[in-house]
There are 2 protein chains.
Amino acid sequence: MRDLAEIQEMLRSAGLKATHQRLVIMSIVMKMTNHPSVDQIYGEVRKDHPSISLATVYKTVETFVENGLLSKVATREGQMRYDPRLDNHGHIYCGNTKELLDFYDDELNELIIDFFKNRKVNNLKIKNITVRINGDKIDPSKDVIIK
Amino acid sequence: MRDLAEIQEMLRSAGLKATHQRLVIMSIVMKMTNHPSVDQIYGEVRKDHPSISLATVYKTVETFVENGLLSKVATREGQMRYDPRLDNHGHIYCGNTKELLDFYDDELNELIIDFFKNRKVNNLKIKNITVRINGDKIDPSKDVIIK
DNA sequence: CTATTTGCAAATAATTTGCAGCTGG
DNA sequence: CCAGCTGCAAATTATTTGCAAATAG
């Protein structure tokens, strides 16, 4: 768990004012592991800080994305989710539970990087390449585990 | 270009009534190569068939997706697009032009299938695995080519 | 002090719904 | 004929915007 001073520093070095609202929102998003939607973030925020508005949550997470502090992912159904992890990773999307899960696999990353070294993609400046596994959880009360 | 009789047959064998609206919409989606949005489909539809309503286009493409005649993909920004191709393929998304392009690469498919043979994904019924390349077109007037 | 940021309420955009009337088989 | 489909308009949902008041640095 990161403390507020650290988040404050993170915001400053991104050139953003470290407002109360931003500190609250960032610390909550970092606590929520599973790619929350704006509504879910707002739901958490309002518990302790009911005066922070929904519009502020929208504006704030968008600011974070623009400044590279969060990334933004669409689910298969087009709902936007926010992810505090910025490094290269894949996603697992469970259509039945609507969960969007990170998955890390260096071997897969390497495989894909190697693959595209041998292909030439013309007229495109690649920002990133992601692998997404879509499926349904068999037992919704248990976790998905890759090994 | 597929003819109407063929589409009619396709609808019937999916257990759907071959209505005028469905024939028009399906033939237009099959003509549009680059993953149209509902609005883009509606834009084409109304040229020749101004009496077909937007709501009908929404309902119809959704019916097609439910019956496996089209697939539905969200762009990185969460906009829904419809794709007449159902086989396994990757997507290239150009952030600047908002184009969503199919890309076929058997070698990559095979690589990924092999990779997941050696991984065990527990508690998930996998529906599909897709690779998405996100980037920006360098020259928006030219095509992206992979070779 | 002042450029940014916030909260509110209203605006916009995308999609869904209820229901009466139409139509394919 | 009649279950399923369509068109319309209204409802819902998600997100954005304009602007006056608040505030970080």
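What counts, and where the lines are drawn
- Residues numbered from 1 in each chain as written.
- Chains lettered and ligands numbered in written order.
- Predicted model: local features only at pLDDT ≥ 70, side-chain atom pairs only at ≥ 80, totals over all residues.
- Heavy atoms only, no water.
- Near = heavy atom within 4 Å.
- Polar contact = N/O pair within 3.5 Å; in protein donor to acceptor, adjacent residues only side chain to side chain.
- Helix = DSSP H or I, 4+ residues; strand = E, 2+ residues; numbered from the N terminus.
- Nonpolar A, V, L, I, M, F, W, Y, C, P; charged D, E, K, R; others polar.
- pLDDT = per-residue confidence, 0-100.
- Least-squares fit on C-alpha atoms with pLDDT ≥ 70 in both.
- Contact = heavy atoms within 4.5 Å.
- Salt bridge = Lys/Arg side-chain N within 4 Å of Asp/Glu carboxyl O.
- Buried < 20%, exposed > 50% of the residue type's maximum accessible area, 1.4 Å probe, protein only.
- Buried area = accessible area lost by both parts, 1.4 Å probe.
- Pairing = 2+ DSSP bridges.
- Core = buried A, V, L, I, M, F, W, Y, C linked by side-chain atoms within 4.5 Å.
- Axes fitted to C-alpha atoms, helices over the stretch in contact; angles between N-to-C directions.

So, about the protein's contact with DNA strand D. Residues in close proximity to DNA strand D total 18 residues, the closest being A:Tyr58, B:Thr19, B:Gln21, B:Thr56 and B:Lys59. Taken together, the sugar and phosphate atoms account for 67% of what DNA strand D places within 4 Å of the protein. Within the side chain of A:Lys59, one N or O atom sits 3.3 Å away from a base oxygen of DNA strand D. For the surface near DNA strand D, the secondary structure elements donating two or more residues are α4 (54-66) of chain A together with α2 (20-31) and α4 (54-66) of chain B. Class assignment of the residues belonging to the surface near DNA strand D gives a composition of 6 nonpolar, 6 polar and 6 charged.

Turning to the confidence of the model for chain A, a few remarks are in order. In regions of low pLDDT, the predicted coordinates are not meant to be interpreted in detail. Considering every residue of chain A, the mean pLDDT works out to 94; 99% of them sit at 70 or more. Of all helices and strands in chain A, the one with the weakest mean pLDDT is strand β7 (residues 145-146) of chain A (90), whereas α4(A) scores best (98).

Moving on, we come to the relation of the copies chain B and chain A. Of the transformation placing chain B onto chain A, the axial shift is 0.0 Å and the rotation is 180°, giving an RMSD of 0.1 Å. Accordingly, the operation relating the two chain copies is best matched by a two-fold axis. With an isologous cut-off of 70% or more, the 100% of interface residues of chain B that recur at the interface of chain A puts this contact in the isologous class.

This part takes up the pattern of salt bridges. Under the counting rule described, the total for this entry stands at 20 salt bridges over all chains. With a shortest N-O distance of 2.8 Å, A:Arg85 and A:Asp87 are connected by a salt bridge. Given a relative accessible area of 38%, A:Arg85 falls into the partly exposed group. Under the relative-accessibility criterion, A:Asp87 is labelled partly exposed at 35%. For B:Asp139, the salt bridge goes to B:Lys142, with nearest N and O atoms at 3.2 Å. By relative accessible area, B:Asp139 is classed as partly exposed at 25%. Through salt bridges with shared partners, a single ionic network connects A:Asp105, A:Glu107 and B:Arg119.

Counting from both sides, the interface comprises 44 residues of chain B and, opposite them, 44 residues of chain A. Where chain B abuts chain A, roughly 3,900 Å² becomes buried across the two surfaces, and 55% of that area is made up of carbon and sulfur atoms. Of all residues in chain B, B:Phe115, B:Asn123 and B:Leu124 bury the most surface against chain A, accounting for 16% of the area lost on that side. In this structure, B:Arg119 engages A:Asp105 in a salt bridge whose closest nitrogen and oxygen atoms are separated by 2.8 Å. Applying the counting rule to chain B against chain A returns 24 residue pairs in polar contact (both at pLDDT 80 or more). Secondary structure elements with two or more residues in the side of chain B that touches chain A: β1 (71-74), β3 (90-94), α5 (106-118), β5 (121-122), β6 (124-137) and β7 (145-146) of chain B.

Next up on the list: the side chain of A:Ser37. Checked against the element boundaries, A:Ser37 lands in the loop between α2 (20-31) and α3 (38-48). Filtering out sequence-adjacent residues up to four positions away, A:Ser37 remains in contact with A:Gln79, A:Met80 and A:Arg81.

Each regular strand shows side chains that alternate between the opposite faces of the sheet. Residues and elements named next belong to chain B. As paired strands, β1 and strand β2 (residues 80-83) are joined by 4 bridges and run antiparallel to one another. When the bridges of β2 are listed, Ala-74 appears paired with Met-80. Counted between consecutive antiparallel strands, the loop separating β1 from β2 contains 5 residues, among which Gly-78 sits at a positive phi close to 90°.

Membership of the largest hydrophobic core comes to 28 residues, with the highest contact counts inside it found for A:Ile92, A:Phe116, B:Ile92 and B:Phe116. Taken together, the elements giving at least two residues each to this core come down to β3 (90-94), β4 (100-103), α5 (106-118) and β6 (124-137) of chain A together with β3, β4 (99-103), α5 and β6 of chain B. Beyond its immediate stretch of four places on either side in the chain, A:Phe116 contacts A:Val121, A:Ile129, B:Phe103, B:Leu108 and B:Ile133. Counting 22 residues, the second-largest nonpolar core is a separate cluster that includes A:Leu11, A:Met26, A:Tyr42 and A:Val61.

It is worth spelling out the sheet that holds β3(B) at this point. Sheet architecture is open: 6 strands sit in the order β4(A)-β3(A)-β6(A)-β6(B)-β3(B)-β4(B), paired in mixed fashion. With one partner strand each, in any of the chains shown, β4 of chain A together with β4 of chain B form the two edges of the open sheet. Taking the axes of each pair of neighbouring strands and ignoring which way they run, one obtains an average angle of 30° across the sheet. Here α5(A) sits on the sheet and contacts β4 and β6 of chain A together with β4 and β6 of chain B; the angle it forms with β6(A), its principal contact strand, is near 135°.

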